[in-house]
4 protein chains.
Amino acid sequence: MSQYFADIAPVTFEGADSTNPMAFRHYNPQEKLGGKTMEEHLRFAVCYWHNFVWEGNDPFGGQTFQRPWFPADTMELARAKADAAFDMFRILGVPFFCFHDHDVRPEGDSLAESHKRLNEMADYFEKKMANGGPRLLWGTANMFSNRRYMAGASTNPDPDVFAYCASTVKACMDVTHRLGGENYVLWGGREGYETLLNTDLGRELEQMGRFLSMVVEYKHKIGFKGAILIEPKPQEPTKHQYDYDVATVYGFLKRFGLEDEVKVNVEQGHAILAGHSFEHELAMARTLGIFGSIDMNRNDYQSGWDTDQFPNSPSEAALAYYEVLMAGGFTTGGTNFDAKLRRQSLDAEDLIAAHVGAMDICARGLKSAYRMIEDDALEGPRRARYAGWDSADAQAMLAADATLDGIAARAEQARVNPQPRSGAQEKLENIVNRYV
Amino acid sequence: MSQYFADIAPVTFEGADSTNPMAFRHYNPQEKLGGKTMEEHLRFAVCYWHNFVWEGNDPFGGQTFQRPWFPADTMELARAKADAAFDMFRILGVPFFCFHDHDVRPEGDSLAESHKRLNEMADYFEKKMANGGPRLLWGTANMFSNRRYMAGASTNPDPDVFAYCASTVKACMDVTHRLGGENYVLWGGREGYETLLNTDLGRELEQMGRFLSMVVEYKHKIGFKGAILIEPKPQEPTKHQYDYDVATVYGFLKRFGLEDEVKVNVEQGHAILAGHSFEHELAMARTLGIFGSIDMNRNDYQSGWDTDQFPNSPSEAALAYYEVLMAGGFTTGGTNFDAKLRRQSLDAEDLIAAHVGAMDICARGLKSAYRMIEDDALEGPRRARYAGWDSADAQAMLAADATLDGIAARAEQARVNPQPRSGAQEKLENIVNRYV
Amino acid sequence: MSQYFADIAPVTFEGADSTNPMAFRHYNPQEKLGGKTMEEHLRFAVCYWHNFVWEGNDPFGGQTFQRPWFPADTMELARAKADAAFDMFRILGVPFFCFHDHDVRPEGDSLAESHKRLNEMADYFEKKMANGGPRLLWGTANMFSNRRYMAGASTNPDPDVFAYCASTVKACMDVTHRLGGENYVLWGGREGYETLLNTDLGRELEQMGRFLSMVVEYKHKIGFKGAILIEPKPQEPTKHQYDYDVATVYGFLKRFGLEDEVKVNVEQGHAILAGHSFEHELAMARTLGIFGSIDMNRNDYQSGWDTDQFPNSPSEAALAYYEVLMAGGFTTGGTNFDAKLRRQSLDAEDLIAAHVGAMDICARGLKSAYRMIEDDALEGPRRARYAGWDSADAQAMLAADATLDGIAARAEQARVNPQPRSGAQEKLENIVNRYV
Amino acid sequence: MSQYFADIAPVTFEGADSTNPMAFRHYNPQEKLGGKTMEEHLRFAVCYWHNFVWEGNDPFGGQTFQRPWFPADTMELARAKADAAFDMFRILGVPFFCFHDHDVRPEGDSLAESHKRLNEMADYFEKKMANGGPRLLWGTANMFSNRRYMAGASTNPDPDVFAYCASTVKACMDVTHRLGGENYVLWGGREGYETLLNTDLGRELEQMGRFLSMVVEYKHKIGFKGAILIEPKPQEPTKHQYDYDVATVYGFLKRFGLEDEVKVNVEQGHAILAGHSFEHELAMARTLGIFGSIDMNRNDYQSGWDTDQFPNSPSEAALAYYEVLMAGGFTTGGTNFDAKLRRQSLDAEDLIAAHVGAMDICARGLKSAYRMIEDDALEGPRRARYAGWDSADAQAMLAADATLDGIAARAEQARVNPQPRSGAQEKLENIVNRYV
Ligand SMILES: [Co+2]
Ligand SMILES: [Co+2]
Ligand SMILES: [Co+2]
Ligand SMILES: [Co+2]
Ligand SMILES: [Co+2]
Ligand SMILES: [Co+2]
Ligand SMILES: [Co+2]
Ligand SMILES: [Co+2]
């Protein structure tokens, strides 16, 4: 037990009229929407990264946060960090947490030493997870911070880095499996390039495809039942990231025959950076059959880098959970906050309050989305818009035996002359505003 | 023969010291680079669109250009337009041209009437193409300007639009085939959506996939030997375009089993809008085996819409043709200018001078690229950077029988500790500047 | 009286639970917030442009809207347009409207003829405005659509255009004055440049400054009591617009000694395009003493052009009206919708429903803002944050007789060592979410 | 003397055909263009920051560079750093250098101690600057990296920070003055805000204005003859920076009556981030009479943060120096590289080679610009475009006694009907390409 959050009581639901900044106004874990509780719908996870790792630096300034576990470069400080982290998980009442290897243990002098430390921390976690502690949503390996990865992880020009990564991912998958993790995530922070002038794009994509195939094979070998997830991001830290967006990841998976083995962890901020809306990326993932999990941290639309802010828009949350519900809800996935406090938010209380507000926005969004579906508020108009396609003649045009010239002949003969109908965008936006 | 360009003589090569704005300084068609002439390398095409169609409008202003063939709403004006167009092709000495149906004939009252007019114009073209006139690089159908397409072409909620498109594409493919076109292009200007609130993404992608499959089947049926090309674009006119970029198109093709049947026509401006560099998109197309052709019109990096400007950067042209040469050069594809004059460039001479400058920039870029390859200026350092992968041990890690745990075990045993090496980006940029 | 909106009844307030798309859920005109009714706070205006002028074109497609008054190229159609417009103003119950000269009358063959037509339409308006019709929020001149303005209005390289503009603005000011307009607006759609290569920036700014000075002098000459407003916009239609944003306009006004004579009309969409938030621009205008009026049409954050969409975000509206209220509310200004329907929103009902939703969002935002101020929800924490500056010592540092070295000496002597305090951004965002 | 660059010989001019990466191909210091040598025209400066300070970190990764003087937290390491820095200045043969206080000395425990250390390092510099060492282009204070500045420097909510800044700037001005610096620069890295919710914009701008006034007064008090320069930047590190761009800074200076006392240091990367071109910002500074100096580090147009890359575009350099020459060239200012190596460019040689390429690009740009002016290549067409304004009638419209109604009357009487003329943008772009 850490002292860091000693003054902060567990957060409880107080209802929409509460003005207590440390209470939930919308998130009532056991309240049911349909057959599932809000806790089951949302499956909240809080991550180590950035909460317990980031020191408040930005490109023009150094550390602003002063946490008792910094710099966390000894196992003792790593345990102190874990104590604080699990205190926070408990205060927030989240059912899940997640972590990178790098977040939870100082790196050792060798791969073996690093893995040993990781396993020691996993032992430490196991005790905390017993007796009602949070479960593990996913584990992952940080293969982007250390300078050895500066030119890529599995895509590195140096094969030794590829080998180093294999050992690292194996160790993280082993620990994730042992802790009952429901997913294993890969975010390729350095899988991309800075300048094409020194890059062999084709070779690097082959390396990445081969690496991912081995990850999938290893998952089956050890009997890990969770999902393998890729987290797309278009830019930053490398200028051109290979896992640009959901559609790009899908093409990559298809190319290497992995589309039934790997899903995506979609982050709002990364969707924005790729020029999409979050709901676009979620709808695309659903359509392509690779929807997995979400990182619910938002981006500033006007900052060209990943601001990883806590979500604060009721409207955006409603549209996001609408897509989650339309996808059938989470199975192995959940709602994670891969979010950064603003670097001026120095206090322990800021850390808790930020999560309270974020969880509340998600709960509020979920309820809006649930009611829109219950009321058929959007699906009704949508079905009507495409109703022309219900006819047998229309369906015949999509059948495998339809031909371009066959359809053309019929269209010409019938003197088809399609008349546009209103898309009613503003009316639909107004409908959404009845729910948010 | 039109009077519009009567004062303008055919453009000739005068060498780098010429100050004649209507002469080539770099493009010397019969000059050889390796086994091919510049004409064969570059395969220049000029398109009807926007040259003879766009009136100079922008969202805040109306027509600025006054051309004798406007508004081109009769067959007589359509022929006058064709006369001017072929005069321009001749003055520039381009080996190819290309067009949309909509560019060359006024739409008729029915599909049949529209097709009849298209065929009449094709007859007219055939005569002009005989005896040394330009060949057809590609034909295409405009399925985005008319209000019937406002909600999509093949992805329309109305199946009648789908049928209308089938007839339209068939007619355009027939004409392209008849005129000896080397490619058939599809740019899905309205294949996308404005708001997800009224859109069934999954259904629309299925429609688009089925449509493209029929296009490919029809190509084989009529014996068209040219390539089918998709032109990716991320945004504009619809907010979310389905053919976002090369990687997205690849995933779409894989999903519908069309990756060996369809290639891409990559436009510089569209690459930029998608957050990529042009050379990235070209390298990606090469890597994925779907490189087809290029539209060499650039985008303003700071305007969020497609400015379709004539290319004017020697550096960018060099890097673009570097990728074209590395891809083995064009086969069916070529260098097209899908470019717009600035709306204040009112004169006939502006139209010619803009192409002269653009062709010269491409020629200059080609020569820079060719010499960089000849000198091994970039490939040498690149090979050295990845040389570690040449060893048998490294290659074994990519082999089908390699396993994550096998590689991990060896890495741990060997106490692998990779040391980063300089990526030398600035030095490589300096090398490029020796060639541009 | 037009038939266009014949089926649509005047819109009334039905309360938050209403599901009627043609009723207000939040805007209750006579409901009081403090000493003013909502009507008095919001001062809604609807503009001719784009509602009755825009045909649905975009850069890749033509007209989608079919209105009975199109193409409005005769005075008869101009009157039909006015009939429809005033029907819509009545249906919406807005207290104000506004227009460009170009919106309300077809241009004549000469300046004199154009002005005569404008005055005839003003006669027509006067009758409609009598007996409870809407008042005029502002008039303005369209000096950007006609090709004569393609290279600028007052900044044109051709002095005849400058003279033409003088006549045009004089005529519009006269009509605005006659109709009791409360403001006169200038938006410099072509006051900027496409390429610096052909532009004399210094000369053009001088022309623009001189022109504005004459506008101000003329206002006083005719006894117009309304405000002169400039509407900033950074980009589009010209690549570099001179009235980039509020701070730029302020510098321009200072340079020509006009900062007490001219205010700004701030548009949300233009704020976004300039890389600011709307509330930033409003706070800046307040700080610089030039806050005038607002255009409440939003921009898509991810489209690089001005999308001019109807507002639909409760959160954004709350923050905008917060700044309006902090600035003391509107005096001559108001809330205008310079908004475009989406081009697929074809129906008369779409036009009304879009405004209903927009007005409701504004009303909802106003109420949120009003309550935040009443509760001291944001001002309380803000005062506390700067409380250190209340001390006499702190104030002395800002006094005119303070010196850098004097302050330095005291700081060194006192060994000043400032300790950062939390900025509490997330907590403040959570507070806002209690009100929206 | 440091060992870090021991293997690297002074860089010399070898001419355009040289393939030596460590030689100048274009920069021939004593070569004359008109009455000045290239050294006198360009006035190159190299800065401590980022060259000797930045460790290669980015938001997702730690230190990549390993320099013998890191972490430079003792005076001994500070001297080692200075030795290396001056070695590099010598190798490059630059006539100027520049620095932040923070770059050259470790911060002390108190203001007094920090100043003492700064002065010790100034002593050390003085010796190195004697006997042909570089002169000081400018000094500046880093008031953004330390956490005490996280909420602003002079704009901080805590008056102690304001006082701390006064002491810091005074010390830096004193040292700059002592070392014969030709300018003193202020870049307000934290003068801006993250969220308006906790910010009093009006108050902060007043603080900033008062602070700058005291800086100017202090300059006169100590007899510093150099220029005071503000470096505009729109965004990053704070979301909303107060010194957004040149026009904004001008308005700020006018507001506080400082427009004759302060000039701007314009950085290419910051111009880009503000949505402008670099040449726009330079032309604006010239027009407003506040052109001072330039930071010639470029931005990636597609990365939303400041990439601070070494310049590498011949075309951009030509247009930049064109504006510098049109402004009459530098007086106190110069060409500084506030540039960052890419974080994978690990070697000492990369540091030198990056500057060699950058200096060469500037020299090449200067020569292109000089020849364009000599040939009247752009000014000729520009004068012709505005020639209409040369007439007495046209000039009369700009005179102080001209009136809107007077001009209007004449325009109407004369039935003015302006006819647009081509802006010839493509032709002008082609002309530029003859020179780059
Ligand atoms: Co992120
Ligand atoms: Co994430
Ligand atoms: Co384009
Ligand atoms: Co194109
Ligand atoms: Co607008
Ligand atoms: Co507006
Ligand atoms: Co910078
Ligand atoms: Co700088």
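What you see is a predicted model, and the numbers here were worked out from it, not measured in a lab. (Residues numbered from 1 in each chain as written. Chains lettered and ligands numbered in written order. Predicted model: local features only at pLDDT ≥ 70, side-chain atom pairs only at ≥ 80, totals over all residues. Heavy atoms only, no water.)

(A) Inspection of the overall build of chain A at higher detail. For chain A, the count of helices and strands is 16 helices and twelve strands. Computed over its C-alpha atoms, the radius of gyration of chain A comes to 23 Å, within 12% of the 22 Å expected for a compact globule of 436 residues. With the C-alpha coordinates of chain A rotated into their principal frame, the extents come out at 80 × 60 × 45 Å. Burial analysis of chain A (436 residues in total) assigns 70% to the buried set. Here the contacts in chain A between residues at least 6 apart in sequence split such that 76% fall between residues at least 24 apart. As displayed, chain A has an accessible area near 13,500 Å², and 48% of this comes from carbon and sulfur atoms. Separation between the mean location of the 45 positive side-chain charges and that of the 62 negative ones in chain A comes to 2 Å. (Helix = DSSP H or I, 4+ residues; strand = E, 2+ residues; numbered from the N terminus. Rg over C-alpha atoms; globule rule 2.2 N^0.38 Å. Buried < 20%, exposed > 50% of the residue type's maximum accessible area, 1.4 Å probe, protein only. Contact = heavy atoms within 4.5 Å. Areas by Shrake-Rupley, 256 points an atom, 1.4 Å probe, with all protein chains shown as cover. Lys, Arg positive; Asp, Glu negative; His and termini not counted. Charge placed at Lys NZ, Arg CZ, Asp CG, Glu CD.)

(B) How the structure looks around the coordination of the cobalt ion (ligand 3). All names here are of chain B. Coordination of the cobalt ion (ligand 3) by the protein involves Glu267 (OE), His270 (NE2), Asp306 (OD) and Asp308 (OD), with metal-donor separations of 1.8 to 2.3 Å. In this structure, the cobalt ion (ligand 3) is surrounded by four donor atoms whose angles at the metal cover 77 to 157°, and the resulting shape is irregular. Motif for the cobalt ion (ligand 3), donor spacing along one chain: E-x2-H-x35-D-x1-D. Between the cobalt ion (ligand 3) and the cobalt ion (ligand 4) the interatomic distance amounts to 4.4 Å, and glutamate 267 serves as a bridging ligand to the pair. Placement of histidine 270 in helix H9 (residues 268–273) and of aspartate 308 in the loop between strand E11 (291–295) and helix H11 (314–326) is noted, with a sequence separation of 38 residues between them. (Donors = N, O, S within 2.8 Å, 3.2 Å for Na, K, Ca; no water. Tetrahedral: all angles 85-135°; square planar, octahedral: opposite > 155°, others 65-115°.)

(C) Layout of the interface of chain D and chain C. Every contact between the two is made by 95 residues of chain D and, on the other side, 95 residues of chain C. Contact between chain D and chain C buries roughly 8,400 Å² in total, counting both sides, with carbon and sulfur atoms accounting for 65%. Among the residues chain D hides against chain C, the three largest losses belong to Leu197(D), Tyr386(D) and Leu404(D). Together they make up 10% of the total. On inspection of chain D and its partner chain C, the count reaches two salt bridges. In this assembly, chain D and chain C are joined by 34 residue pairs in polar contact (both at pLDDT 80 or more). Counting residues per element, the side of chain D that touches chain C draws most heavily on helix H7 (residues 201–222) of chain D, which supplies 13 residues. Of the residues assigned to the side of chain D that touches chain C, the class counts are 47 nonpolar, 22 polar and 26 charged. (Buried area = accessible area lost by both parts, 1.4 Å probe. Salt bridge = Lys/Arg side-chain N within 4 Å of Asp/Glu carboxyl O. Polar contact = N/O pair within 3.5 Å; in protein donor to acceptor, adjacent residues only side chain to side chain. Nonpolar A, V, L, I, M, F, W, Y, C, P; charged D, E, K, R; others polar.)

(D) Main features of the relation of the copies chain D and chain A. Superposition of chain D onto chain A requires a rotation of 180° combined with a translation of 0.0 Å along the rotation axis, giving an RMSD of 0.0 Å. The two molecules are tied by a two-fold rotation axis, judged by turn and shift. Across chain D, the rotation axis passes nearest the C-alpha of Gly304(D), at a separation of 1.8 Å. With an isologous cut-off of 70% or more, the 100% of interface residues of chain D that recur at the interface of chain A puts this contact in the isologous class. (Least-squares fit on C-alpha atoms with pLDDT ≥ 70 in both.)

(E) Examining the environment of Asp7(A) more closely. Mapped onto the elements, Asp7(A) comes out in the segment before strand E1 (32–33). Along the primary structure Asp7(A) and Ala348(A) are separated by 341 residues, whereas in three dimensions their C-alpha atoms are 9.4 Å apart.

(F) Structural view of the pattern of salt bridges. Within this structure, the stated rule accounts for 104 salt bridges over all chains. The salt bridge partner of Glu126(A) is Arg178(A), with a shortest N-O separation of 3.3 Å. In this pair, Glu126(A) sits in helix H5 (residues 111–129) while Arg178(A) sits in helix H6 (residues 159–178), placing the two residues 52 residues apart along the sequence. Using a relative accessible area of 35% as the deciding quantity, one classes Glu126(A) as partly exposed. On the accessibility criterion, Arg178(A) (32% relative accessible area) is partly exposed. The closest approach of N and O atoms between Lys239(B) and Asp300(C), which form a salt bridge, is 2.7 Å. One end of the pair, Lys239(B), is in the loop between strand E8 (227–230) and strand E9 (240–241); the other, Asp300(C), is in the loop between strand E11 (291–295) and helix H11 (314–326), on a second chain. The exposure class assigned to Lys239(B) is buried, which follows from its relative accessible area of 15%. Through salt bridges with shared partners, one network takes in Arg43(A), Arg135(A) and Glu182(A).

(G) Structural view of the packing of helix H7 (residues 201–222) of chain C against helix H10 (residues 278–288) of chain D. Packing of H7(C) against H10(D) leaves a shortest axis separation of 9 Å and a crossing angle of 60°. Of the possible angle classes, the one that applies to H7(C) and H10(D) is oblique. Crossing hand, H7(C) versus H10(D): right-handed. Seen from H7(C), the contacting residues are Leu201(C), Gly202(C) and Leu205(C); seen from H10(D), they are His280(D), Ala283(D), Met284(D) and Thr287(D). A per-class count over the contact of H7(C) with H10(D) returns four nonpolar, three polar and no charged. (Axes fitted to C-alpha atoms, helices over the stretch in contact; angles between N-to-C directions. Parallel < 35°, antiparallel > 145°, perpendicular 65-115°, else oblique. Left-handed = near helix turned anticlockwise from the far one by under 90°.)

(H) Layout of the coordination of the cobalt ion (ligand 2). Residue and element names in this part refer to chain A. With distances of 1.9 to 2.1 Å, the protein atoms coordinating the cobalt ion (ligand 2) are Glu231 (OE), Glu267 (OE), Asp295 (OD) and Asp338 (OD). Its four donor atoms give the cobalt ion (ligand 2) angles of 97 to 145° at the centre, a pattern that matches the irregular case. Between the donor residues of the cobalt ion (ligand 2), the gaps in sequence give the motif E-x35-E-x27-D-x42-D. In this structure the cobalt ion (ligand 1) is found 4.3 Å away from the cobalt ion (ligand 2), and glutamate 267 serves as a bridging donor for the pair. Of this pair, glutamate 267 sits in strand E10 (residues 262–267) while aspartate 295 sits in strand E11 (residues 291–295), and the two are 28 residues apart along the sequence.

(I) Structural context of the UniProt feature "binding site: Mg(2+) 2" (unreviewed entry) in chain A. Residues and elements named next belong to chain A. UniProt annotation of "binding site: Mg(2+) 2" (unreviewed entry) refers to Glu267, His270, Asp306 and Asp308 when read in the numbering used here. Spanning 42 residues, the named residues form one tight spatial group whose C-alpha atoms are at most 10.3 Å apart. You can call histidine 270 buried: its relative accessible area is 4%. Contact partners of histidine 270, with chain neighbours within four places excluded, come to Trp187, Glu231, Pro232, Lys233, Pro234 and Asp306. (UniProt positions renumbered as here; feature names shortened; annotations may be inferred.)

(J) View of the relation of the copies chain D and chain C. After a rotation of 180° and a shift along the axis of 0.0 Å, chain D superposes on chain C with an RMSD of 0.0 Å. Mapped onto chain C, 100% of the interface residues of chain D are again interface residues, and the two copies thus contact each other with one and the same surface.

(K) Representation of the interface of chain D and chain A within the structure. With 30 residues of chain D in contact, the opposing surface of chain A contributes 30 residues. Interface area for chain D against chain A, summed over the two sides, is near 3,000 Å², with a carbon-plus-sulfur share of 52%. For the chain D face of the interface with chain A, the top three residues by lost area are Phe60(D), Arg147(D) and Met150(D), together amounting to 28%. Summed over the shared surface of chain D and chain A, the number is four salt bridges. Taken together, chain D and chain A are joined by 19 residue pairs in polar contact (both at pLDDT 80 or more). The residue makeup of the side of chain D that touches chain A, split by class, is ten nonpolar, eleven polar and nine charged.

(L) View of the side chain of Ser167(A). With respect to the helices, strands and loops of the structure, Ser167(A) is situated in helix H6. In terms of polar contacts, Ser167(A) uses its side chain to reach the side chain of His115(A), at 2.8 Å. Each residue touching Ser167(A), except ones within four places of it in the same chain, is listed here: Leu111(A), His115(A), Ala408(B), Ala411(B) and Glu412(B).

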